[in-house]
Structure formats: structure tokens, C-alpha cells
Amino acid sequence: MLLDVKDLEVTYGRTRAVRGVSLSVAEGEIVTVLGSNGAGKTSLLRALQGARKPQGGKITFDGRDMTNASPATRLAAGMALVPEGRQIFVSMTVHENLLMGAYLRGEGGLDRDLDAIYERFPNLATRRDMKASVLSGGEQQMLAVGRALISRPRLMMLDEPSLGLSPLFVAKLFALIREINDGGLSILLVEQNTHMALDVAQRGVVLELGREMLSGSAAELAADPSLAEAYLGAA
Ligand code: ATP
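Note that this is a predicted model, so its numbers are computed, not measured.

## What to know about the sheet that holds strand 5 (residues 64-65)
- In spatial order, the strands read 2-1-4-5; together these four strands make up an open sheet with antiparallel pairing. Where the open sheet ends on each side, the last strands, each with one partner, are strand 2 (15-25) and strand 5.
- Where strand 4 (residues 56-61) meets strand 5, two bridges bridge the pair, whose relative direction is antiparallel. Looking across to strand 5, one finds that phenylalanine 61 is bridged to arginine 64.
- Across the sheet, helix 1 (residues 41-49) touches strand 1 (3-12), strand 2 and strand 4, and the angle it forms with strand 1 is around 115°.

Structure below.
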């Protein structure tokens, strides 16, 4: 497994946001983490990124124990996060935002990788020297993905990337997720858009109040009556 998470615990004071969650992502796989507001999805990703120290459990990436590693160590090892709400730097240009994703890597091949990102996202290329604040929500999400891609990750973790996007951009985003996965990148996708996430992922985990409620192949989850009732709008 590329990413292996065992019995992870994340607490804020007395709130146990993540309660003994285990999951894994194999090389080349898309795994989705589903669950409603407050289920612990963002807390899980923050612990995986290294922004929040877990109170228990173990995080292994590519055979290395990352449980207590710094965010920079994880990023350098290939774990990149596209955070909730994009968190791009609106007062910086599009190009400067992309360069922020490259700060831990060498200059080698950087121009080529930037060209590849501009080729993939023509809207970013035409706005390269403009402030990121001029971008639409969908374009900002593409920039956040581009910023993660420029770090040359092996695993991309996305926190509710479709949130607030128009249906057209949601469709574009999921096509992009499929495309970068086809290029060999493994993906851990946190989503509330259950339908789309199960359509693109091979496996999934459903969290409820910090605990794993269900897990299995995407097909099994899509067919599960309790998931259908809770998240897929079925009666
Ligand atoms: P959302 O979709 O709303 O982001 P989520 O599934 O990502 O939800 P988390 O944001 O991880 O869930 O929240 C899990 C629990 O932890 C919630 O009860 C939340 O109130 C609590 N929590 C999250 N962040 C903090 C914090 N910084 N301080 C205190 N409690 C927090």
C-alpha cells in the first residue's frame, strides 16, 4: 500500500473528531472518504497532512512511518493536499501561486512541469500574471490542483473539491481527477458528492461521528441500502 492509516485518533480538547479510523490507498488507486458535516473528514486529512498531531494510531506512506513527520517532510515524500476552500493566495498572481507548490522541489524540470500545467489548464495560462482573485471558483479549484501537482506528488488528497462549484465545473473536476489518476497518481478524495465520488473511486470509506460506518468497493457502497438512505437520496 502507498498510504496505510491504522486506528487514527484526532481530538480537539474533549471532541473526538476521528475515532480509530483505518484506511489504505494502493498505488494508482482512487479511494473516497464520505460522510456528512462533522463526520471527521477534514480532521482526518489534516492529520494526514501533518497539520494536526494525531492522539493515536499510525500513518505509513510508502513504507515510511509518517505519524509524527512534519508537513514539509510529507510533502517532500509525495503527499500533497488540496485543502477545503482551495486556500489559494488571492493577492498573489496565478503563477506565484503555482510556484508556492514548488518550494520543496528543485528547479530541475520545473519549467517543463509549469508548461504542462498551463497546457492542462488554458484558463490559468491566459491569467498567469493576474491576481488569483480574478479567477472564478472553478478556476481557483483548478489552481489549487495545479499547485498540488507542481510538487510532483505520488498521492493527492482532496478535501471536498466540488464544494460550491457549478455543475459544469463539478463535471470538469471529476474528469480531471480521473485524468490525473490515469497518469498514475493515487488519490484520496474526501467528498460530500457521494454519487460522483463513488463513480470515480475504486473503494470508499464512510465516516459517521468520527467512526468508520461502512467501507468496501465503490460498487458495494453504491448498492448499500443504508448509504442510499443516508446520502443518495433514496427512500
Ligand atoms: P465538514 O464537512 O463540515 O468539514 P468534516 O467531516 O470535515 O465536516 P471535521 O471538520 O473534521 O468534519 O469535524 C469533526 C468534528 O471535530 C466536529 O465535531 C467538529 O466540530 C470538530 N472540530 C473540527 N475542527 C475543530 C477545531 N479546530 N476545534 C474544535 N473542534 C473541531
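From this point, the discussion proceeds with the structure in view.
## Here's the deal with the environment of glutamate 9
- When you line up the elements, glutamate 9 lands in strand 1.
- Sequence separation between glutamate 9 and serine 215 is 206 residues, and the spatial gap between their C-alpha atoms is 18 Å.
- With residues near it in sequence (within four places) discarded, glutamate 9 still touches Arg16, Val18, Arg19, Gly20, Pro54, Gln55 and Gly56.
- A polar side-chain atom of glutamate 9 sits 3.3 Å from a polar atom in the side chain of arginine 16.

## Side note on the packing of aromatic side chains
- With the rule as written, the count across this model stands at zero aromatic pairs.
- Here the guanidinium or amino end of lysine 172 rests over the ring plane of phenylalanine 169, the centre of that ring lying 5.0 Å away.

## Structural notes on the confidence of the model for the chain
- Taken over all residues, the pLDDT of the chain has a mean of 93, while the share at 70 or more is 98%.
- With a pTM of 0.94, the predicted complex shows an ipTM of 0.93.

## Digging into the sheet that holds strand 7 (residues 155-159)
- Taking strand neighbours across the sheet as the criterion, the six strands line up as 6-7-8-3-9-10 in an open arrangement whose pairing is mixed. In this open sheet, the two edge strands, each paired with only one partner strand, are strand 6 (79-82) and strand 10 (211-217). Here the strands of the sheet are splayed against their neighbours by 15° on average, with no regard to which way each runs.
- Lying on the sheet, helix 6 (residues 137-149) is in contact with strand 6 and strand 7; it crosses strand 6 at an angle near 170°.
- Against the sheet, helix 7 (residues 167-182) makes contact with strand 3 (30-34), strand 7 and strand 8 (186-191), and its axis sits at roughly 155° relative to strand 8, the strand it touches most.

## Some points on the site of the ligand
- The immediate surroundings of the ligand are formed by 14 residues, with Gly38, Gly40, Lys41, Thr42 and Ser43 found nearest.
- With respect to the ligand, the side chain of asparagine 37 contributes an N or O atom lying 3.2 Å from an oxygen atom.
- Here an oxygen atom of the ligand and a backbone polar atom of glycine 38 are 2.8 Å apart.
- The fraction of the free accessible surface of the ligand (620 Å²) that becomes covered by protein chains is 61%.
- Counting residues per element, the shell around the ligand draws most heavily on helix 1, which supplies three residues.
- Taken together, the residues that form the shell around the ligand break down as three nonpolar, eight polar and three charged.

## Things to note about unusual backbone geometry
- At aspartate 7, a position not held by glycine, the phi torsion is positive, near 50°.
- Note that aspartate 7 resides in strand 1.

## Some details on the domain arrangement of the chain
- What the domain assignment reports for the chain is domain 1 (3-78 + 153-232) and domain 2 (88-152).
- Here the C-alpha centre of domain 2 lies 24 Å away from the C-alpha centre of domain 1.
- Opposite the 16 residues of domain 1 that make contact, domain 2 presents 15 residues.
- Across the domain 1 to domain 2 interface the summed buried area is about 1300 Å²; carbon plus sulfur atoms make up 77%.
- If you sort the residues of domain 1 by the area they bury against domain 2, Leu75, Pro153 and Phe169 come out on top, with a joint share of 38%.
- Taken together, the links from domain 1 to domain 2 amount to one salt bridge.

Rules used throughout
- Residues numbered from 1 in each chain as written.
- Predicted model: local features only at pLDDT ≥ 70, side-chain atom pairs only at ≥ 80, totals over all residues.
- Heavy atoms only, no water.
- Pairing = 2+ DSSP bridges.
- Helix = DSSP H or I, 4+ residues; strand = E, 2+ residues; numbered from the N terminus.
- Contact = heavy atoms within 4.5 Å.
- Axes fitted to C-alpha atoms, helices over the stretch in contact; angles between N-to-C directions.
- Polar contact = N/O pair within 3.5 Å; in protein donor to acceptor, adjacent residues only side chain to side chain.
- Phe/Tyr/Trp six-rings, centres within 6.5 Å; stacked < 30°, edge-to-face > 60°.
- Lys NZ or Arg CZ within 6 Å of the ring centre and 35° of its normal.
- pLDDT = per-residue confidence, 0-100.
- Near = heavy atom within 4 Å.
- Areas by Shrake-Rupley, 256 points an atom, 1.4 Å probe, with all protein chains shown as cover.
- Nonpolar A, V, L, I, M, F, W, Y, C, P; charged D, E, K, R; others polar.
- Domains from an automatic or database assignment.
- Buried area = accessible area lost by both parts, 1.4 Å probe.
- Salt bridge = Lys/Arg side-chain N within 4 Å of Asp/Glu carboxyl O.

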